[in-house]
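For reference, the chains in residue letters:
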Amino acid sequence: MFVESPVDSIEFNGRTVFVKRDDLLSETFSGNKARKFAYFLENEFPGKSVLIGHGSPVANSLYSMSALAKLKGVQLDFYVDHIAEQVMNSSVGNYAESIANGANVIDLSKVDDRQNLSVIEYIEQKVLPNRDDSLFVPEGGRCEYAKHGVQTLAKEVIAWAEMQKLEQLAVFLPSGTGTTAVFLNEYLVLNAPHIKVFTCACVGDAQYLTQQFNQLVADESMHPTIIELGRKYHFGKLYRPFYDMYCKLLATGIEFELLYDPLGWMCVESLFEQEFTQPLLYIHQGGLLGNATMLPRYQRKYSEC
Ligand SMILES: *Cc1c(COP(=O)(O)O)cnc(C)c1O
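Residues numbered from 1 in each chain as written. Predicted model: local features only at pLDDT ≥ 70, side-chain atom pairs only at ≥ 80, totals over all residues. Heavy atoms only, no water.

If you check an unreviewed UniProt entry, the protein appears there as 1-aminocyclopropane-1-carboxylate deaminase from Shewanella sairae. Comment text from UniProt for the protein, heading Cofactor (unreviewed entry), reads "pyridoxal 5'-phosphate". Taken from UniProt, the Sequence similarities (unreviewed entry) comment for the protein reads in full: "Belongs to the ACC deaminase/D-cysteine desulfhydrase family." (UniProt positions renumbered as here; feature names shortened; annotations may be inferred.)

This part is about the site of the ligand. Taken together, 16 residues lie near the ligand, and Lys33, Lys36, Asn60, Thr177 and Thr180 sit nearest. The contact in question runs from an oxygen atom of the ligand to an N or O atom on the side chain of Asn32, over 3.2 Å. Residue Gly178 places a main-chain N or O atom 2.8 Å away from an oxygen atom belonging to the ligand. Counting residues per element, the ones that place at least two in the shell around the ligand are helix H1 (31-36) and helix H8 (179-191). The element best represented in the shell around the ligand is H1, accounting for three residues. (Near = heavy atom within 4 Å. Polar contact = N/O pair within 3.5 Å; in protein donor to acceptor, adjacent residues only side chain to side chain. Helix = DSSP H or I, 4+ residues; strand = E, 2+ residues; numbered from the N terminus.)

Moving on, we get to the pairing of strand S3 (residues 50-54). Put simply, side chains in a regular strand alternate between the two faces of the sheet. Extensive coverage of S3 is indicated by the burial of five of its five residues. Residue alternation in S3 divides its side chains into two sets, Val50, Ile52 and His54 and Leu51 and Gly53, and both sets are buried. As a crossover connection, the stretch from S3 through helix H3 (residues 60-72) into strand S4 (residues 75-80) is right-handed. Bridge count between S3 and strand S6 (residues 134-136): three bridges; the pairing is parallel. Across the sheet, the residue bridging to Leu51 is Leu135, located in S6. (Buried < 20%, exposed > 50% of the residue type's maximum accessible area, 1.4 Å probe, protein only. Right-handed = clockwise from strand over helix to strand, strands pointing away. Pairing = 2+ DSSP bridges.)

Now for the layout of surface pockets. Considered as a void within the structure, the second largest pocket measures approximately 300 Å³ in volume. Lining the second largest pocket are 17 residues, and of these Ala201, Gly204, Asp205, Arg231 and Lys232 lie nearest its centre. (1 Å grid on protein atoms, 1.4 Å probe; cavity = no way out; pocket = protein on both sides within 12 Å on 5 of 7 lines; lining within 4 Å. Points joined across faces, edges and corners; volume = space filled by probe spheres on them.)

Pasting the structure below:
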């Protein structure tokens, strides 16, 4: 479906770091979601005319699912807990672009039959039983289906490492649900054990991320190594060190996003401070569309890079 993504290199803290440009995989999909949704893109689902998803109205998943639905010629019904006023009124970013793609975003704070149900409970109890024509995708593509595209990524990494004649390689990618990192590491442990995956928890803490890993891959020896920093950062909040990292990376010539990558690179920085000598490949998972809303917030707070 997609052509292989290229690998660039940048200088970071006096070291050369390789960057796998999954952000360049597709214009309509952000890198990570292009991998996770590849299965749906590459297969047909006869009789299914509605794609059902849920999650945050500002997430990359919403946008990527709206692009997927559009490409497949099906309706997207995306359930959210609520939508903030400023998100609803913005003409840029993931929410606005998804609406432009024809997504039907259902705000459960506005329906009368919700009865204190969580979003997932609402979908399971009120939506799916009545809809044989629907295909349900768990939040952030956290499901077995995601394995398919992530394995393609793993194969590309293995082939690249072989071409570079690397006897050891560390792969770093920041995690949300951890789906990409755990499936990537599982494949590598089984097929190329000289390549190891490192990640960090951008949503919740390391314990939460481990739980997420466990839901997808029960064998803990297949889990990636989680890097932790001395302090906690909350997902979606603005932090000076995040913005400084974004600006520092921008100066290398590659733009990264502002929700996952700043923490990811701060963890890379901390690895390098611990005599970590292996070559490192950072997976750029896209998500730049979200910068349309995040960057103006940072610029208002801290001025331009
Ligand atoms: C979705 C996303 C992630 C998180 O991926 P998981 O598989 O949920 O861990 C990281 N970075 C970007 C840019 C994303 O869009």
